[in-house]
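Notes for the structure review
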Amino acid sequence: MKTMIEPYRSRVVEPIHMTTREQREEFIRDAHYNPFLLKAEQVIIDFVTDSGTSALSTRQWSGMLGADESFTGSRSFYRFREAAQSLLGHRHIIPCHQGRAAEHLIAHAVIKPGDVIFSNTHFATTRENFEEAGAVARDLPIPEALDPASPHPFKGNIDLNRLEGSIREAGPEHVRFVVITVTDNSHGGQPVSLANLRAAQEICRRHGIPLLLDAARFAENAYLIKLREEEARRMTAREVAQAMFHLTDGVFMSLKKDGLGNTGGLISINSDEWAEKIRIRLLVSEGVTTAGGLAGRDLESLAVAFDEALDENYLAYRIASTCALGEQLAAGGVPVLRPFGAHAIYVDGRAFCPHLPDEQLPAWSLSVALYVHGGVRSWETGNVMMGRRDKAGGRWTWPALDLLRLAIPRRVYSSNHLSYAAETLIDLFERRHEVRGLRFIYRPPVLAQFVATFEPV
Ligand SMILES: Cc1ncc(COP(=O)(O)O)c(C=O)c1O
């Protein structure tokens, strides 16, 4: 096979600060064993997130230089709206500053206490926003999503039987909407198929319930559909994305992932009534309706990105390079979640560290050890992020999967960077018994991963 090359070249470079193991031991101690609290300059390869970390293209920069920074009605907004609408197809396009702002706006504009919302899996901030507004947010992933070894090509699918049953049980009048997250970030970045979306839409339509997408990774989901689903083989990635959006009543999304933005979010919706309520909230909390808190230059860069995100050379490289990282890790014995998605490789923390009980936070402890070992920062989507303690402060309920996530920023790292990260993790796997468990010192009631502090057991 020919060497796979990045379908772009670098014009501007940013130095990486190299560090020693001794320095990293000190840095992580000062960060209370929470990699999120490290300074970025203390990291060699930063796989903490693929969000807001994309390298911008020459086309994006040139659009930004010509941006219109008028307070309202700027040319840049109309360019953004046109690019978004031609892809998403809904009547109203409402910009906001990032994905969780979109969730917050929807939560406060349309959710009422006692509402029920079903999803394949709510992302952490989505769940918090909806529950804060008084809703019950329930996940209905297919059983294969919880099996790290299952080869199911669409582990992001929502469980259709459970969706039907759960709607009947809750009573359709109490279900405010159904939201499908593409791809399913919390269960390994797994895609949702067109067939699953279509069937979910049919169930929702029958019960008169709106279907929304959390479409932060719409382009990667579309390309994985093209690769894995027969009916989409001859479609372009853009056509697949349009087919996905066409099945929905609305979309909310962070534009910091596939949107290739350093900031940005949007809501795209058909309902005039919801749009009006959301715009009123927007004016209170984000900004004017033709900016949503974004600068004209952000809107320009995002307008270009709707096109670039669906470039098939870029998507083919993105998915192949992520897959190559996964294969390298698997060949070194590292227990990785399969099949590989697009934005990240996930490692099974419990299988990597069988000597650590759930209380000692295997995937989190592994992410700390990986940083110390080679300066690679990763993140956990597992016990720290999703573990829940009962009200009396006693028993823990741990999530089905305790994963370490290596999220790959778009257009930033070369294949050599990825290979270095893989070698570091494989080396650590060979001495895995040295990974020391951690326990909480401080754990806030919600979104613990951002601020919690830890100590070695
Ligand atoms: C699926 C999903 N939805 C929503 C969000 C929140 O987006 P943002 O970070 O832009 O607030 C994220 C962020 O990682 C995400 O992965």
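Coordinates for the structure precede this section.
Keep in mind the model is a prediction, meaning the values are calculated, not measured.

Another point: the overall build of the protein. The helix and strand inventory of the protein stands at 17 helices and 16 strands. On C-alpha atoms alone, the protein measures out to a radius of gyration of 21 Å, which is about the 23 Å that the 2.2 N^0.38 rule sets for 457 residues. Taking the principal axes of its C-alpha atoms as reference, the protein extends roughly 60 × 55 × 45 Å. Expressed as a percentage of the 457 residues in the protein, the buried residues total 58%. For the protein, long-range pairs separated by at least 24 residues make up 72% of all intrachain contacts whose partners lie at least 6 apart in sequence.

Turning to the site of the ligand, a few remarks are in order. Looking at the ligand, there are 14 residues lining it, with Gln98, Arg100, Asp214, Ser254 and Lys257 nearest. Within the contact set of the ligand, an oxygen atom lies 2.7 Å away from a side-chain nitrogen or oxygen of Gln98. Between Lys257 and the ligand, the recorded distance is 3.0 Å, taken from a side-chain N or O atom to an oxygen atom. Protein contact buries 96% of the 380 Å² of open area that the ligand shows by itself. Across the shell around the ligand, the residue classes tally to one nonpolar, seven polar and six charged.

The next point concerns the sheet that holds strand E11 (residues 379-381). In space, the three strands of this open sheet follow the order E9-E14-E11, with antiparallel pairing throughout. Edge strands, defined here as strands with exactly one partner in the open sheet, are strand E9 (344-348) and E11. The sheet shows a mean angle of 35 degrees between the axes of neighbouring strands, direction not considered. Sheet topology note: the E11/strand E14 (residues 403-407) ladder contains three bridges and is antiparallel. From the neighbouring strand, Trp379 faces E14, where its bridge partner is Arg405. In the packing of helix H12 (residues 312-331) onto the sheet, contacts are made with E9 and E14, and the angle to E9 comes to roughly 25 degrees.

Among the five residues that make up E9, five are buried, leaving the element largely enclosed by the rest of the structure. What you see with E9 is no split at all: Ala344, Tyr346 and Asp348 on one side and Ile345 and Val347 on the other are buried throughout. For E9 and E14, the ladder comprises five bridges, and the chain directions are antiparallel. Note on E14: the bridge partner recorded for Ala344 is Ala407.

Grouped together as the largest cluster of nonpolar side chains are 59 residues, with contacts concentrated most on Val178, Ile180, Phe218 and Met244. Of the residues that make up this core, three or more belong to each of domain 1 (21-50 + 311-456) and domain 2 (58-302). Each residue touching Val178, except ones within four places of it in the same chain, is listed here: Phe118, Ile158, Leu163, Cys204, Ile209, Pro210, Leu211 and Leu212. Of all hydrophobic cores here, the second largest spans 30 residues; its members include Ile45, Leu329, Leu370 and Leu418.

It is worth spelling out the side chain of Glu164 at this point. Here Glu164 shows up in helix H6 (residues 160-170). Sequence-distant contacts of Glu164, that is, excluding residues within four places in its chain, are made with Ile203, Arg206 and His207.

As a further point, take a nonpolar patch on the surface. A grouping of Ile441, Tyr442 and Val451 is seen on the molecular surface, where their side chains present a nonpolar patch of about 290 Å² in accessible area. Counting through the fold element by element, Val451 comes out in helix H17 (residues 448-451).

With five of its five residues buried, strand E2 (residues 92-96) lies for the most part within the structure. On E2, burial covers both faces: His92, Ile94 and Cys96 on one face and Ile93 and Pro95 on the other are all buried. Where E2 meets strand E8 (residues 265-269), five bridges bridge the pair, whose relative direction is antiparallel. Along E8, the bridge assignment pairs His92 with Ile269.

Parameters at a glance
Residues numbered from 1 in each chain as written. Predicted model: local features only at pLDDT ≥ 70, side-chain atom pairs only at ≥ 80, totals over all residues. Heavy atoms only, no water. Helix = DSSP H or I, 4+ residues; strand = E, 2+ residues; numbered from the N terminus. Rg over C-alpha atoms; globule rule 2.2 N^0.38 Å. Buried < 20%, exposed > 50% of the residue type's maximum accessible area, 1.4 Å probe, protein only. Contact = heavy atoms within 4.5 Å. Near = heavy atom within 4 Å. Polar contact = N/O pair within 3.5 Å; in protein donor to acceptor, adjacent residues only side chain to side chain. Areas by Shrake-Rupley, 256 points an atom, 1.4 Å probe, with all protein chains shown as cover. Nonpolar A, V, L, I, M, F, W, Y, C, P; charged D, E, K, R; others polar. Pairing = 2+ DSSP bridges. Axes fitted to C-alpha atoms, helices over the stretch in contact; angles between N-to-C directions. Core = buried A, V, L, I, M, F, W, Y, C linked by side-chain atoms within 4.5 Å. Domains from an automatic or database assignment. Patch = residues over 30% accessible without salt bridge, like charges linked within 9 Å, V, L, I, M, F, W, Y side chains within 5 Å. Salt bridge = Lys/Arg side-chain N within 4 Å of Asp/Glu carboxyl O.

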